[in-house]
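# Overview (structure and organization)
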Amino acid sequence: MKNNVMKTMVLSAMFLSVGIVLPLLTMQIKEIGDTLLPMHIPVMLCGLICGPQYGLMVGLILPFVRGLLFSMPPLYPNAVWMSLELATYGFTIGLMYWHSKKHTMTYTYFCLLTSMVSGRIVWGIAKWILLGLKGKPFTMQAFITGGFIDAIPGIILQLILIPAIMGAVNRIKQSKNDVSN
C-alpha cells in the first residue's frame, strides 16, 4: 500500500514537471501555446493514471508554479482561472475513469470529452467573475472563441495524444498482469 502511494506521488510530480516544462516548447509564440494547450495534457493524464485527487491537485498548483517560476501565466487573474480549469480537468477525467470498470478506448474518449467541456465551463465562469471584478466584460462570444474555436488545435491534439497514451498504459498494465498470472 505504501509503495502504491509513493508511486502515485512520484507519477504526479512527474506530470507536474511535464506541465511546467512542456509550455516552454511553445512559449516563444504565445498564440501557439494558447492554441495547443500544453498544460492540459499532463493534468488530464495525471487524473487518468493517478486518480481524481492527484489530477485535481496537479491542475490546481501547476499554473501558480509556472507563474512563480516563469511569470507565465500572470498570477492574477490568469493563473487563478487556469488553476480552476485545470483542476476541473484532472478531477473530472480521473473521477469518471477511476470509478468505472470500463477502461475501453471509447470510454476514455467519453471521459476526455466530458472533462474538456466541464473544464471549459469552469474556465468561462471563473474568467467572467474575475474580469467582472476588474470591470472588464467577458462575453459569450469571447467564451466560445477562447474556449472552443481558438482551442481547436489543442483539442485535436488532446483527442489524439491522450487516448493513444492511455492505450499504451493499459497494454503495459495488461502485459504485467498476464506475466504475473
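The model shown is predicted, which means the values in this text are computed figures rather than measured ones.

## Some details on the overall build of the chain
Scanning the chain from N- to C-terminus turns up eight helices and zero strands. Helices and strands in the chain line up, N terminus first, as α-α-α-α-α-α-α-α. The C-alpha atoms of the chain give 17 Å as radius of gyration, which agrees with the globular expectation for 181 residues (16 Å, within 12%). With the C-alpha coordinates aligned to their principal axes, the bounding extent of the chain is approximately 60 × 30 × 30 Å. Burial analysis of the chain (181 residues in total) assigns 42% to the buried set. Considering only contacts within the chain whose residues lie at least 6 apart along the sequence, 70% involve residues at least 24 apart. Counting only carbon and sulfur atoms, one obtains 72% of the accessible surface of the chain, whose full area is about 10100 Å².

## Looking at the packing of helix H3 (residues 40-50) against helix H5 (residues 75-98)
Relative to each other, H3 and H5 sit at 30 degrees, their axes nearing to 7 Å. Taken together, H3 and H5 sit at an angle that is classed as roughly parallel. In the crossing of H3 with H5, the sense of the turn from one axis to the other is right-handed. In contact with His 40, Val 43, Met 44, Gly 47, Leu 48, Ile 49 and Cys 50 of H3, H5 contributes Glu 85, Leu 86, Tyr 89, Gly 90, Ile 93, Gly 94, Tyr 97 and Trp 98. Residues of the contact of H3 with H5, tallied by class, amount to ten nonpolar, four polar and one charged.

## So, the confidence of the model for the chain
Considering every residue of the chain, the mean pLDDT works out to 93; 98% of them sit at 70 or more. Per-residue pLDDT, averaged within each element of the chain, yields its smallest value for helix H2 (residues 30-36) (78) and its largest for H3 (98).

## What to know about the packing of aromatic side chains
In total, this model carries four aromatic pairs according to the counting rule given. Put simply, the rings of Trp 123, Phe 138, Phe 143 and Phe 148 pair up and form one aromatic cluster.

Quick notes on the rules
For every chain, the first residue of the written sequence is number 1, and numbering continues from 1 onward in sequence order. In keeping with the model being predicted, local features are shown solely for residues with a pLDDT of at least 70 and side-chain atom pairs are shown and tallied solely at 80 or more, while totals for entire chains, interfaces and linings include all residues. Hydrogen atoms and water are omitted, and side-chain values are computed over all heavy atoms in the structure. Strands here mean DSSP runs of E at least two residues long; helices mean DSSP runs of H or I at least four residues long; both are numbered from the N terminus. When we talk radius of gyration, it's over C-alpha atoms, and the globule rule is simply 2.2 Å times the number of residues to the 0.38. Exposure categories follow from relative accessible area, calculated using a 1.4 Å probe and restricted to protein chains: below 20% of the type maximum is buried, above 50% is exposed, and the middle band is partly exposed. By definition, residues are in contact when any of their heavy atoms lie within 4.5 Å. Using a 1.4 Å probe, accessible areas were evaluated by the Shrake-Rupley method; residue-level cover was limited to the displayed protein chains. Lines fitted to C-alpha atoms define the axes here, with helix axes fitted over just the stretch in contact, and angles between the N-to-C directions of these axes take values from 0 to 180 degrees. If an angle is under 35 degrees, it is roughly parallel; if it is over 145, roughly antiparallel; if it lies from 65 to 115, roughly perpendicular; otherwise it is oblique. It is the rotation of the near helix from the far one that decides the hand of a crossing: anticlockwise by less than a right angle makes it left-handed, clockwise makes it right-handed. Polar here means any residue other than Ala, Val, Leu, Ile, Met, Phe, Trp, Tyr, Cys and Pro, which are nonpolar, and Asp, Glu, Lys and Arg, which are charged; Gly is therefore polar. Per-residue confidence from the predictor is reported as pLDDT, which spans 0 to 100. Ring pairs are drawn from Phe, Tyr and Trp, using the six-membered ring of Trp, whenever the two centres fall within 6.5 Å, and their geometry is named by plane angle: stacked under 30 degrees, edge-to-face over 60, tilted for the rest.

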